[in-house]
Amino acid sequence: QRPGRELSGAVGALCRALPPRARPAPDTLRRAKFDRPQASLDFWRLLYTLLKQIHRDKWTDSDATDNQIWFVKSAMWYHGYGRPEFYRLPSDGSAGSRELLLAFSWLLHRLSLLEQLLARNRVKTGDEIFVCMCEDDLHNIQKGITERAPEYGLEDRVDIRYLQWLNGRRRFQWRSLHAQQQEHFKLLHKIHLFTSGSHVDPVLGHFSVTETDLVRQPENYEQLLQLLESETMQLEAFLEWKQLEPVYWKWMETVLDDMAEEGNMCESQDAPVETSVLPKVTSCCLWADGLTGQIDRLSRDLMTLRDQLQKLVTHRKAAWCEKVKAREKELQEEFSATARKIQENVELKLLDLTHLCALKKNKMHGSHRLVFRSEHPASKLGFGRAVSKEPASAVSATEVIRELQMREASLERELKQLQEECRHRLDEIAEGLDGVICISP
């Protein structure tokens, strides 16, 4: 009975850690293990709600079932879920609860589902900014996009004018977003400046947007309190889930075992029964002597073909050995040139290494609260003491600007190097063109 109680606790904690509007009943997961059709629609709605929140899309309960299922399949394909049985499920949601349980567990592990949802749905103070200085993540994203990009033929080329229009539209939207961000920070600066010295915490010294709104509209206090209590319950359930998570994955192993057993049973039932339809050859057959002669001739022909194949293989091996030796010489030359380029790139990267090692934080990632810092904080604080130290998780704007300037300089050096390589490559191509004069810009 103890494993059963632990499993019930793990499933209950998992359900409570999910957002309230997407919170399923614990019995839904248990019914899905036995592939009950009653749990299919509940699981489709659960996946639809969770994926919509991850992708920050608007959703309503009035969406048709087939539209929800289509969105879930598209989103799962986008995230790389490759189980074909999932995409064969009917669009009316009448079956496949076990497959949906497997897909939900895959999302739970692959995307860190609970962590993402808790980060997106937490109560915001309105004074936060997202800072990401992780170059490795950007390179991995670019690499993944390059690996997944299909190779189009000539018939699939896009008009360059359409790409220019898209680029112009992107730049216009970027300028609009930048203008909105500037206006937002101006208003935020006014709030921090006018409320400076009013906060109980001397490290902050000013109100946040949420606290200022509560001062102006005290009736919103109850709503904020309910949101904070709900978030606290989710965090407590998440901590309980992290303790009981191994129990859930052991239970999922039993689900996979059940699916494998049912698959083997279906294969054994569908396998055709082999029957021997070959006639029995007896020594009294009239055509036995003729058949023996044909077998002897075929054997001699096969021996002849084997000898010819051996001679051909020997000749091909000698030819390949000569090609390999010639290719080795070419590769040695290419390797030396590549090694020189790598050495130059390493030298460029090492120029920034000294400064990067001196920083306290090599990588900054995540949300940080914006805190107003005045030149003379003691004059505006009403508590008789000045701000003595900054919070431990504070990020200085000067530090971020310095980091961005260094990265800009590094990218400019790499751009110049790539431009030189492209220029040399174009010169080599131009030398092979007769009657063409190329003038470099």
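Residues numbered from 1 in each chain as written. Predicted model: local features only at pLDDT ≥ 70, side-chain atom pairs only at ≥ 80, totals over all residues. Heavy atoms only, no water.

The name recorded for the chain in an unreviewed UniProt entry is TEDC1 protein, from Trogon melanurus.

Peer 1: Account for the packing of helix α3 (residues 40-54) against helix α4 (residues 65-78), with residues named and values stated.
Peer 2: Where α3 contacts α4, the axes come no closer than 9 Å and their chain directions differ by 60°. It follows from the interaxial angle that α3 and α4 lie oblique. Relative to α4, α3 is oriented so that their crossing is left-handed. Contact residues: α3 offers Leu41, Trp44, Arg45, Leu47, Tyr48, Leu51 and Lys52, while α4 offers Thr65, Gln68, Ile69, Phe71, Val72, Lys73, Ala75 and Met76. Classifying every residue of the contact of α3 with α4 by side-chain character gives ten nonpolar, two polar and three charged. (Axes fitted to C-alpha atoms, helices over the stretch in contact; angles between N-to-C directions. Helix = DSSP H or I, 4+ residues; strand = E, 2+ residues; numbered from the N terminus. Parallel < 35°, antiparallel > 145°, perpendicular 65-115°, else oblique. Left-handed = near helix turned anticlockwise from the far one by under 90°. Contact = heavy atoms within 4.5 Å. Nonpolar A, V, L, I, M, F, W, Y, C, P; charged D, E, K, R; others polar.)

Peer 1: Tell me about the pattern of salt bridges, and please be specific about residues and values.
Peer 2: It is possible for side chains bearing opposite charge to pair when their charged atoms get close. All told, the structure shown has nine salt bridges when counted by the stated rule. Between arginine 30 and aspartate 27 there is a salt bridge, with the nearest N and O atoms lying 2.9 Å from each other. Of the two residues, arginine 30 and aspartate 27 are both situated in helix α2 (residues 26-33); the distance of three residues between them amounts to about one turn of the helix. Given a relative accessible area of 30%, arginine 30 falls into the partly exposed group. Its salt-bridge partner being arginine 45, residue aspartate 42 comes within 3.3 Å of it at the nearest N-O pair. Of this pair, aspartate 42 and arginine 45 both sit in helix α3, three residues apart, which is roughly one turn of that helix. (Salt bridge = Lys/Arg side-chain N within 4 Å of Asp/Glu carboxyl O. Buried < 20%, exposed > 50% of the residue type's maximum accessible area, 1.4 Å probe, protein only.)

Peer 1: Just give me the short version of the nonpolar core, but keep the residues and values in it.
Peer 2: Nonpolar side chains tend to gather and get buried jointly when the protein is soluble and globular. Counting residues in hydrophobic clusters, the biggest one holds 48 residues, and the most contacted among them are Leu29, Met76, Phe86, Leu101, Phe104 and Tyr248. Elements supplying a minimum of two residues to this core: α1 (2-17), α2, α3, α4, α6 (97-110), α7 (113-121) and α11 (221-270). Beyond its immediate stretch of four places on either side in the chain, phenylalanine 104 contacts Leu14, Leu18, Phe43, Leu46, Leu47, Leu50, Leu113 and Tyr248. (Core = buried A, V, L, I, M, F, W, Y, C linked by side-chain atoms within 4.5 Å.)

Peer 1: Give me α4: which residues, what numbers.
Peer 2: An α-helical turn contains 3.6 residues, so a residue and the one three or four places further along point in the same direction. Its 14 residues give α4 an end-to-end C-alpha distance of 20 Å, which sits within 8% of 20 Å, the value for a rise of 1.5 Å per residue. Listed in full, the buried residues belonging to α4 are Gln68, Ile69, Phe71, Val72, Lys73, Ala75 and Met76. Of the surrounding secondary structure, the elements contacted by the buried residues of α4 are α3, α5 (84-87) and α6. Downstream of α4 by one or two residues, glycine 80 has phi in the positive range, about 95°. (Expected span 1.5 Å × (residues − 1).)

Peer 1: Outline the side chain of threonine 28, listing residues and values.
Peer 2: Within the element layout of this structure, threonine 28 appears in helix α2. Not counting residues up to four positions away in its chain, the partners in contact with threonine 28 are Ala39, Asp42 and Phe43.

Peer 1: Pulling in residues and values, what's your account of the packing of aromatic side chains?
Peer 2: Counted according to the given criterion, the structure contains eleven aromatic pairs. On the basis of an interplanar angle of 80° and a centroid distance of 5.6 Å, the ring pair of tryptophan 77 and tyrosine 87 is categorised as edge-to-face. Residue tryptophan 77 is found in helix α4, and its partner tyrosine 87 is found in helix α5; the two are separated by ten residues along the sequence. Here the aromatic rings of tyrosine 81 and tryptophan 106 are separated by 5.1 Å at their centres, their planes lie at 55°, and the arrangement is tilted. Highlighted residues: tyrosine 81 in the loop between α4 and α5 and tryptophan 106 in helix α6, separated in sequence by 25 residues. Ring-pair connections join several aromatic residues into one group, and the members of that group are Trp44, Trp77, Tyr81, Phe86, Tyr87 and Trp106. Directly above the aromatic system of phenylalanine 71 lies the positively charged group of lysine 52, at a separation of 4.3 Å from the ring centroid. The lysine or arginine in question, lysine 323, covers the ring of tryptophan 320, its NZ or CZ lying 5.1 Å from the ring centre. (Phe/Tyr/Trp six-rings, centres within 6.5 Å; stacked < 30°, edge-to-face > 60°. Lys NZ or Arg CZ within 6 Å of the ring centre and 35° of its normal.)

Peer 1: Run through the packing of α2 against α6, naming residues and quoting values.
Peer 2: Across the interface, α2 lies against α6 with an axial gap of 7 Å and an inter-helix angle of 115°. The crossing of α2 and α6 is left-handed. Contacts between α2 and α6 involve Leu29, Arg31, Ala32 and Lys33 on the former and, on the latter, Ser97, Arg98 and Leu101. The residue inventory of the contact of α2 with α6, partitioned by class, reads three nonpolar, one polar and three charged.

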